[in-house]
Amino acid sequence: MKTVVSRDQVQGDFVKKVAEISGENFFNCYQCGNCSAGCPSVNEMDLLPSQVVRYLQLGLADEVKNCKSMWVCAACLMCHARCPKGVDISKIMEALRVLRLREVDAEAYIDVTDFSDDYLERAPQIAMISGYRKFLPL
Ligand code: SF4
Ligand code: SF4
């Protein structure tokens, strides 16, 4: 399949936003594949972690936006530990989830005052932290 890559596409808003939220520079990646080779979730992914980075380098926003890999990523940081260039793909996956959720519902965010004191005492801390990271407005 022929893929046309333009400057506008490579410097598109979506890619810039992923870079901004994740704080990662995709262009440090030289596609060695160490991240994908060590990822424990890779069997359930439709794009390998290294492919996600490559698609972002090429500005292929639609392919990345619709991949299920971001939801399967366990945020285990194995990719970061194995990357010779220090690229943290878990942060990239997190940025993709944040942007996708905002796209689905721009008003989706948590207001902690909506929860009762009783619920806040019982709620698992990790669930609250995860929710904040996905739903708080930037
Ligand atoms: S390990 Fe790092 S340099 Fe290698 S493909 Fe993955 S992100 Fe790119
Ligand atoms: S953080 Fe996500 S992409 Fe990276 S190795 Fe773990 S599961 Fe795979």
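No experiment lies behind these values; they were computed from the predicted model shown.

> I tried to follow the nonpolar core on my own but got confused; where do I start?
General note: in soluble globular proteins, nonpolar side chains tend to be found buried as a group. Counting residues in each nonpolar core, the largest one holds 27 residues, and the members touching the most others are F14, V18, V52, L56, I92, M93 and L96. Here V52 is in contact with L47, V64, S69, I92, M93 and L96, once residues within four sequence places are set aside.

> Can you help me understand the packing of aromatic side chains in this one?
Here a ring pair, both rings aromatic, is described through the centre-centre distance and the interplanar angle of the planes. The tally for this structure, following the rule as stated, stands at one aromatic pair. Sitting above the plane of the F14 ring, K65 keeps its charged end 5.1 Å from the centroid. K85 extends its terminal NZ or CZ atom over the ring of Y30, reaching a point 6.0 Å from the ring centre.

> Would you explain the pattern of salt bridges in this entry?
Pairing between side chains of opposite charge can happen when the charged atoms of each approach one another. What the rule picks out here adds up to three salt bridges. The residue R97 makes a salt bridge to E94 at a minimum N-O spacing of 2.4 Å. Of this pair, R97 and E94 are both found in helix α8 (residues 89–104), three residues apart, which corresponds to roughly one turn of the helix. Accessibility assignment for this pair places R97 and E94 in one class, buried.

> Would you mind going over the site of ligand 2 with me for this structure?
Neighbouring residues of ligand 2: 13 residues in total, closest C39, C73, A74, C76 and C79. Because more than half of its atoms lie within 2 Å of the grid, ligand 2 is assigned to the second largest cavity. Classifying every residue of the shell around ligand 2 gives 11 nonpolar, two polar and no charged.

> Can you help me understand the environment of K68 in this one?
Locating K68 in the fold gives a position in the loop between α5 (61–65) and α6 (69–72). Between the C-alpha atoms of K68 and L47, which are 21 residues apart in sequence, the distance is 7.7 Å. The contacts of K68, once residues within four sequence positions are left out, are E44 and D46. At a separation of 3.3 Å, a polar atom in the side chain of K68 contacts the main-chain carbonyl oxygen of E44.

> Before we go on, may I ask you to explain α8 in this structure?
One full turn of an α-helix is made of 3.6 residues, so residues set three or four places apart face in the same direction. With 16 residues, α8 extends 22 Å from end C-alpha to end C-alpha; this agrees with the ideal 22 Å at 1.5 Å per step. Among the residues of α8, I89, S90, I92, M93, E94, A95, L96, R97, V98, L99 and R102 are the ones counted as buried.

> Is there a simple way to think about the site of ligand 1 in this case?
Taken together, the neighbourhood of ligand 1 is formed by 13 residues, with C29, C32, G33, C35 and C83 sitting nearest. Applying the majority rule of atoms within 2 Å of the grid points places ligand 1 in the largest cavity.

> It is not clear to me how the packing of helix α4 (residues 49–57) against α8 should be interpreted in this structure. Could you clarify?
A pair of packed helices is captured by two measures, namely the crossing angle of their axes and the spacing between those axes. Their axes nearest at 11 Å, the elements α4 and α8 cross at an angle of 65°. Put simply, α4 runs roughly perpendicular to α8. Regarding α4 and α8, the two cross each other, and that crossing is left-handed. Side by side, α4 and α8 meet where P49, S50, V52, V53 and L56 of the first sit next to I89, I92, M93 and L96 of the second. Class assignment for the residues of the contact of α4 with α8 results in eight nonpolar, one polar and no charged.

Definitions and limits used
Residues numbered from 1 in each chain as written. Chains lettered and ligands numbered in written order. Predicted model: local features only at pLDDT ≥ 70, side-chain atom pairs only at ≥ 80, totals over all residues. Heavy atoms only, no water. Core = buried A, V, L, I, M, F, W, Y, C linked by side-chain atoms within 4.5 Å. Buried < 20%, exposed > 50% of the residue type's maximum accessible area, 1.4 Å probe, protein only. Contact = heavy atoms within 4.5 Å. Phe/Tyr/Trp six-rings, centres within 6.5 Å; stacked < 30°, edge-to-face > 60°. Lys NZ or Arg CZ within 6 Å of the ring centre and 35° of its normal. Salt bridge = Lys/Arg side-chain N within 4 Å of Asp/Glu carboxyl O. Helix = DSSP H or I, 4+ residues; strand = E, 2+ residues; numbered from the N terminus. Near = heavy atom within 4 Å. 1 Å grid on protein atoms, 1.4 Å probe; cavity = no way out; pocket = protein on both sides within 12 Å on 5 of 7 lines; lining within 4 Å. Sits in = over half its atoms within 2 Å of the grid points. Nonpolar A, V, L, I, M, F, W, Y, C, P; charged D, E, K, R; others polar. Polar contact = N/O pair within 3.5 Å; in protein donor to acceptor, adjacent residues only side chain to side chain. Expected span 1.5 Å × (residues − 1). Axes fitted to C-alpha atoms, helices over the stretch in contact; angles between N-to-C directions. Parallel < 35°, antiparallel > 145°, perpendicular 65-115°, else oblique. Left-handed = near helix turned anticlockwise from the far one by under 90°.

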